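Inside the fold
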Amino acid sequence: MKIKVNAYAKINLMLDIICRRTDGYHDLFMIMQSIGLYDTVTVTQIKGREIIISCNVDGIPLDENNIAYKAAKAFFSAQKIRKNKGIHIDIVKRIPHAAGLAGGSADGAGVLVALNKLYGTNLSDDELCKIGVKIGADVPFCIKGGTLLAQGVGDVLNKVKPLRKCFILLAKPDCSVNTGFAYSQFDSIGKNHTPDKMGMLCAMQSRDLKEICAKMENVFEQFIDVPNKVDIRDIMRKNGAIGVCMSGSGPTVFGIFENREQADTAAKELTVYAKDIVVTKPVSKGCKVLSETQQENE
């Protein structure tokens, strides 16, 4: 038996680091949005007791260092499943690696959702999130998805009103940012400006897209240098983006457009400055279990 799940990427409409905690983690304030770019995670029961991972992209760890592997181990441990737990996890990656789009966390979330279905454990999203937060701060959001306020280490999630219809252009330069390094920069340098969190919450509540875009801010941009970021921003703005921001710890920069044609025009111009370029939309979920018909067509 196998279960196939589409696991969606995210962007941060706002990301503020409140403080470094005594346990070494950080308290965060994030407005997170699921987007239509996704990885497909297929979990199949196999004979034996191994967890085997395959992926269509080179450079992705295929062992216990992969969040998908950690998710499976955490699920089996939490549910005290010891027998017949051999599984094959196949990941078809479309979300760029180390891009600030929660690709790894999405895969981990997809595994938890798939195993919950595969083993008939009927855990709620909240119960899955309690398992997920132990393997990655973004995993709970990637399980629930949509438009959420994430606080604490990412484990305290509250709904906010969804974005109005828009188009999101992603541009990832040919580089990666280590999340641990990004947080260490905050710890050593600090931030020189704090985002307008209340203003953003008010804008989200009124669903005023232009005001949301005006309030978008990511504190990582204060101490993480992304190659070609200025050029990417300029091209997006020139072509009609009403807001531009970096997602997560970077390096992906995204622009929000009201017009698809403008987003497509900007995407064509960005090929000089970015390696991975995608035009997508907001979506209302973090993971989608595919039906048998959808699995055949995926």
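Just so it is clear, the model here is predicted, and its values are computed rather than measured. (Residues numbered from 1 in each chain as written. Predicted model: local features only at pLDDT ≥ 70, side-chain atom pairs only at ≥ 80, totals over all residues. Heavy atoms only, no water.)

Re the pattern of salt bridges
Evaluation of the coordinates by the stated rule reveals 16 salt bridges. Of the charged contacts in the structure, one is a salt bridge between K229 and E221, with a shortest N-O distance of 3.1 Å. Comparing K229 with E221, the two get one shared label, buried. For the salt bridge of K238 with E269, the shortest nitrogen-to-oxygen distance reads 2.7 Å. Here K238 is found in helix α8 (residues 229–238), whereas its partner E269 is found in helix α9 (residues 260–269), with 31 residues between them in sequence. The class of K238 is exposed, set by a relative accessible area of 59%. What you see here is one network of salt bridges that share partners, running through D16, K191 and K197. (Salt bridge = Lys/Arg side-chain N within 4 Å of Asp/Glu carboxyl O. Buried < 20%, exposed > 50% of the residue type's maximum accessible area, 1.4 Å probe, protein only. Helix = DSSP H or I, 4+ residues; strand = E, 2+ residues; numbered from the N terminus.)

Quick word on the nonpolar core
Inside soluble globular proteins, nonpolar side chains tend to come together where they are buried. Residues L13, I17, I89, L115, F220, F254 and I256 are the most contacted members of the largest nonpolar core, which totals 83 residues. With residues near it in sequence (within four places) discarded, L13 still touches I31, Q33, L163, M200, M204, M216, E217, F254 and I256. Ranked by size, the runner-up nonpolar core spans 16 residues in total, among them M236, F257, A267 and L270. (Core = buried A, V, L, I, M, F, W, Y, C linked by side-chain atoms within 4.5 Å. Contact = heavy atoms within 4.5 Å.)

As for the layout of surface pockets
Looking at the largest pocket, its volume works out to about 1,200 Å³. Surrounding the largest pocket, 45 residues form its lining, I67, S105, G136, D138 and T179 being those nearest its centre. Put simply, the parts of the chain that give the lining of the largest pocket at least two residues each are β1 (2–20), β2 (26–45), α1 (67–78), α2 (103–118) and α5 (179–189). In terms of residues, the lining of the largest pocket owes the most to one element, α2, which gives 4 residues. Of the residues contributing to the lining of the largest pocket, the split by class is 20 nonpolar, 17 polar and 8 charged. (1 Å grid on protein atoms, 1.4 Å probe; cavity = no way out; pocket = protein on both sides within 12 Å on 5 of 7 lines; lining within 4 Å. Points joined across faces, edges and corners; volume = space filled by probe spheres on them. Nonpolar A, V, L, I, M, F, W, Y, C, P; charged D, E, K, R; others polar.)

Here's the deal with the packing of aromatic side chains
Under the definition given, this model contains 7 aromatic pairs. Summarising the aromatic geometry, the rings of F75 and Y119 are spaced 6.4 Å apart at their centres and angled 45° between planes, so their arrangement reads as tilted. Residue F75 is located in helix α1, and its partner Y119 is located in the loop between α2 and α3 (125–132); the two are separated by 44 residues in the primary sequence. Ring plane angle 80° and centroid distance 5.8 Å describe the contact between F220 and F223, whose orientation is recorded as edge-to-face. (Phe/Tyr/Trp six-rings, centres within 6.5 Å; stacked < 30°, edge-to-face > 60°.)

Some remarks on the state of the cysteines
Taken as a whole, this structure holds 0 disulfides when the rule is applied. The structure places no disulfide on C202, whose sulfur is separated from the nearest cysteine sulfur, that of C213, by 16 Å. The structure places no disulfide on C245, whose sulfur is separated from the nearest cysteine sulfur, that of C213, by 9.8 Å. (Disulfide = S-S within 2.5 Å.)

Focus on the environment of L128
Assignment of secondary structure puts L128 in helix α3. The buried category is assigned to L128, whose relative accessible area is 2%. Along the backbone, L128 and A109 are 19 residues apart, and their C-alpha atoms lie at a distance of 8.5 Å. If near-sequence neighbours (up to four positions away) are discounted, L128 is found in contact with L112, V113, N116, L123 and I143.

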